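Structural overview for review
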Amino acid sequence: MADKKIFTDSGIEIKPVYTQEDLGTNPGTAPGDYPFTRGIQPDMYRGKLWTMRQYAGFSTAEESNQRYHYLLSQGVSGLSVAFDLPTQIGYDSDHELAEGEVGKVGVAIDSIEDMRILFRGIKLEDISSSMTINATAFILLALYVAVAKEQGADLKKLSGTIQNDILKEYAARGTYIYPPAPSMRIITDIFQWCETELPKWNTISISGYHIREAGSNAVQELAFTLANGKAYVQAAIEKGLDINVFGKRLSFFFNAHNNVFEEVAKFRAARTLWAKIMKDMGATDPKAMMLRFHTQTGGSTLTAQQPLNNIARVTMQTMAAVLGGTQSLHTNGYDEALNLPTEEAARLALRTQQLVAYESGIADTVDPLAGSYFVESLTAAMEQEAMALMNTIDGMGGSIAAIEKGFIQDQIAQSAYAYQRAVESGSKIIVGVNKFQTTDTKSTPAFKIDDSIRQVQVEKLRQLRRQRDPGKIDAILQELNDHASSGENIMPVVIEAVENKCTLGEIADTLREVFGEYKG
């Protein structure tokens with residue numbers, strides 16, 4: 001009987017055994033050397049562990065602030081902020097479209113008052129903050145800067161990341177506001193402003209995470225993410241920015257799924273490909289060619305059935321991210337297929353990272369899977385498959401054109417459909433879902449958000465509007481309109497606007513008047 005054929009989730013065939021011949025012409029470069037396949041630092045985690053983040057944000061700024069203080073007390077080394085849907089798409093909590101969504105999937109931020117409370121008692125100069133925000137990233141960054149200034153922080157020392165990746169929103173997630181061209185203009189305004197004012201800030205986190213969550217496989221996640229990265233680099237170059245400067249402030253955000261070896265190979269191939277892409281686009285500084293990335297364990301892999309199984313899934317994914325050389329990591333709570341993570345689940349997720357860091361031995365040496373016949377062969381295969389897909393996108397005119405033609409969306413949809421068919425047929429086994437089921441009806445403690453939060457936010461907004469000068473607000477918003485219309489950098493006036501108590505919705509609406517809305 002012939003050997004059964006086995007494939008990775010991306011369709012790459014796995015041979016029964018690998019030998020030295022499978023290494024091919026692997027150059028075996030050292031960690032810290034171009035093209036950084038083995039890592040961007042010579043000593044990696046021996047010098048500094050990855051940043052342990054826990055993605056958190058829910059309800060009001062007051063409640064999220066309490067969770068942040070708890071997480072900091074438990075050993076997180078960086079905060080990661082989740083925002084609710086109205087905040088993500090530029091609506092204040094009192095907007096009619098915000099009803100039923102305020103504080104649900106993240107924290108509600110309407111104004112500088114909320115941002116002050118969110119980071120109350122947390123010195124922004126001393127902590128790295130990551131904000132998962134895209135269409136309104138420029139407003140949230142302005143709010144963060146305004147609060148930092150109130151704290152007396154040196155803006156040159158502020159470190160953190162805004163996701164700010166709008167292209168994947170058109171392709172995979174949907175929280176966009178403006179059409180592609182003005183959205184790209186806002187992003188390059190941020191690049192330009194941060195270059196002088198916030199030099200340590202990562203101005204974009206080019207995200208494959210949501211592409212994978214939407215149903216892509218690992219090769220597609222890699223190819224579509226790097227193709228989007230090329231589009232941002234090209235837009236910045238066309239604005240006259242120096243690739244060797246802004247290139248150092250680009251970061252990436254990847255998913256970690258259950259196939260440990262495929263995920264490790266994906267991360268190693270990502271570094272290799274990006275280094276070559278940046279070199280081809282004109283970068284000469286090695287630091288501008290380095291792919292630095294954050295990882296989050298796979299939300300879509302978590303199951304509502306037998307939720308405690310998710311602890312093992314998150315552990316495998318954590319190991320894959322660390323073996324692959326991530327710079328920062330968020331681990332999901334085991335209960336997130338059911339609700340927002342409880343405090344217990346969030347603590348256990350953090351402990352998973354700490355156990356891998358301090359007890360597993362994985363962090364003791366750099367790129368410990370290097371030289372594995374299988375891993376090196378799979379890394380080369382991932383690189384080749386992703387490069388072929390990126391060449392197809394380049395042939396269409398790049399990421400924006402591929403998105404406008406629906407190519408990337410169709411590829412993700414086809415992959416998601418194929419995966420679901422495999423699960424339904426049983427050829428893809430999901431433990432506790434299509435095999436090894438139980439009839440146990442024991443419930444997991446739930447964490448729910450009260451709908452009354454919207455009224456709390458509405459009352460805050462009423463009070464804010466009573467306290468401010470309407471004439472000054474109108475003048476500042478008109479100035480923002482003028483800057484957006486003329487092509488001037490909008491960041492200075494957006495910071496002025498939030499400092500003078502303009503709301504997130506008012507700023508977003510002002511730009512809606514200038515740029516219009518993208519209808520998809």
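Residue positions are given per chain, counted from 1 along the sequence in the order it is written. Restriction of local features to residues with pLDDT of at least 70 applies here, the model being predicted, together with a cutoff of 80 or more for giving and counting side-chain atom pairs; totals for whole chains, interfaces and linings are based on all residues. Heavy atoms from the whole structure form the basis of all side-chain values; hydrogens and water molecules are not counted.

Let us now look at the pairing of strand 10 (residues 293-297). Among the five residues that make up strand 10, five are buried, leaving the element largely enclosed by the rest of the structure. Relative to strand 10, strand 9 (residues 250-256) is paired through five bridges, and the arrangement is parallel. Within strand 10, the residue paired with Phe254 across the bridge is Thr295. As paired strands, strand 10 and strand 11 (residues 328-330) are joined by three bridges and run parallel to one another. The residue bridging Gln296 from the neighbouring strand is His330, located in strand 11. Of the crossover connections in this fold, the one passing from strand 10 over helix 12 (residues 309-323) to the parallel strand 11 is right-handed. For each residue, the accessible area found with a 1.4 Å probe, counting protein chains only, is set against the maximum for its type, and the residue is called buried under 20%, exposed over 50%, and partly exposed in between. Helix and strand definitions follow DSSP, with helices as H or I runs of at least four residues and strands as E runs of at least two, each counted in order from the N terminus. The pairing criterion is simple: DSSP has to find at least two bridges between the two strands. By convention, a crossover is right-handed whenever its connection, traced from the first strand over the helix to the second and viewed with the strands pointing away, goes clockwise.

If you trace the nine strands from one edge of the open sheet to the other, you get 7-6-5-4-3-11-10-9-8, paired in parallel fashion. Single-partner strands in this sheet number two, and they are strand 7 (201-202) and strand 8 (204-207). Across the face of the sheet, helix 13 (residues 343-358) comes into contact with strand 3 (51-56) and strand 11 while running at roughly 165 degrees to strand 3. Residues are treated as being in contact if the distance between any of their heavy atoms lies within 4.5 Å. To obtain an axis, a line is fitted to C-alpha atoms, over the contacting stretch when the element is a helix, and the angle between two such axes runs from 0 to 180 degrees between their N-to-C directions.

This brings us to the packing of helix 14 (residues 373-396) against helix 16 (residues 407-425). The packing of two helices is summarised by the inter-axis angle and the distance between the axes. Axis separation between helix 14 and helix 16 bottoms out at 11 Å; the angle between their running directions is 150 degrees. With respect to helix 16, the axis of helix 14 lies roughly antiparallel. For the pair formed by helix 14 and helix 16, the contact residues are Leu389, Thr392, Ile393 and Met396 on the first element and Phe407, Ile408 and Gln411 on the second. In this classification, Asp, Glu, Lys and Arg are treated as charged, Ala, Val, Leu, Ile, Met, Phe, Trp, Tyr, Cys and Pro as nonpolar, and every other residue, Gly included, as polar. Looking at the contact of helix 14 with helix 16 residue by residue, the class counts come to five nonpolar, two polar and no charged. By definition in this entry, angles of less than 35 degrees are roughly parallel, angles greater than 145 are roughly antiparallel, angles of 65 to 115 are roughly perpendicular, and the rest are oblique.

The next thing to look at is the pairing of strand 5 (residues 128-132). Strand 5 sits mainly inside the fold: five of its five residues count as buried. Every second residue of strand 5 is oriented toward a common face, with Ser128, Ser130 and Thr132 on one face and Ser129 and Met131 on the other, all of them buried. Sheet topology places strand 4 (residues 78-82) next to strand 5; five bridges connect them, and they run parallel. For Gly78, the partnering residue across the bridge sits in strand 5 and is Ser128. As paired elements, strand 5 and strand 6 (residues 159-162) share four bridges and run parallel to each other.

Time to look at the packing of helix 6 (residues 180-197) against helix 19 (residues 491-499). As a packed pair, helix 6 and helix 19 sit with axes 10 Å apart at the nearest point and diverge in direction by 85 degrees. Classified by the interaxial angle, the pair formed by helix 6 and helix 19 is roughly perpendicular. Every residue of helix 19 that contacts helix 6 at Asp189, Ile190 and Trp193 is listed here: Met491, Pro492 and Ile495. Tallied by class, the residues present in the contact of helix 6 with helix 19 amount to five nonpolar, no polar and one charged.

Below, the discussion takes up the packing of aromatic side chains. Only centres within 6.5 Å qualify two rings of Phe, Tyr or Trp (six-membered ring in Trp) as a pair; their planes then separate them into stacked at under 30 degrees, edge-to-face at over 60, and tilted for everything else. The full count for this structure, using the stated rule, is 18 aromatic pairs. Where Phe191 meets Phe246, the ring centres are 6.0 Å apart and the plane angle is 15 degrees; that geometry is what we call stacked. With a gap of 55 residues between them, Phe191 in helix 6 and Phe246 in helix 9 (residues 243-246) connect regions that are remote in the sequence. A relative accessible area of 2% means that Phe191 is categorised as buried.

With that out of the way, let us pick up helix 16. The end-to-end C-alpha separation of helix 16 is 27 Å, in line with the 27 Å expected for 19 residues at 1.5 Å each. Along helix 16, the positions that sit buried rather than exposed are Phe407, Ile408, Gln411, Ile412, Ser415, Ala422 and Val423. All buried residues of helix 16 fall inside an arc of 145 degrees around its axis, so they share one side. Exposed side chains of helix 16 directed beyond 90 degrees from the buried face belong to Gln414, Tyr417, Glu424 and Ser425. Buried residues in helix 16 make contact with helix 5 (167-173), helix 7 (209-213), helix 8 (218-238), helix 14 and helix 15 (399-404). Multiplying 1.5 Å by the residue count of a helix minus one yields the expected span of that helix. In this description, one arc is meant: the one made by directions from the helix axis to the C-beta atoms.

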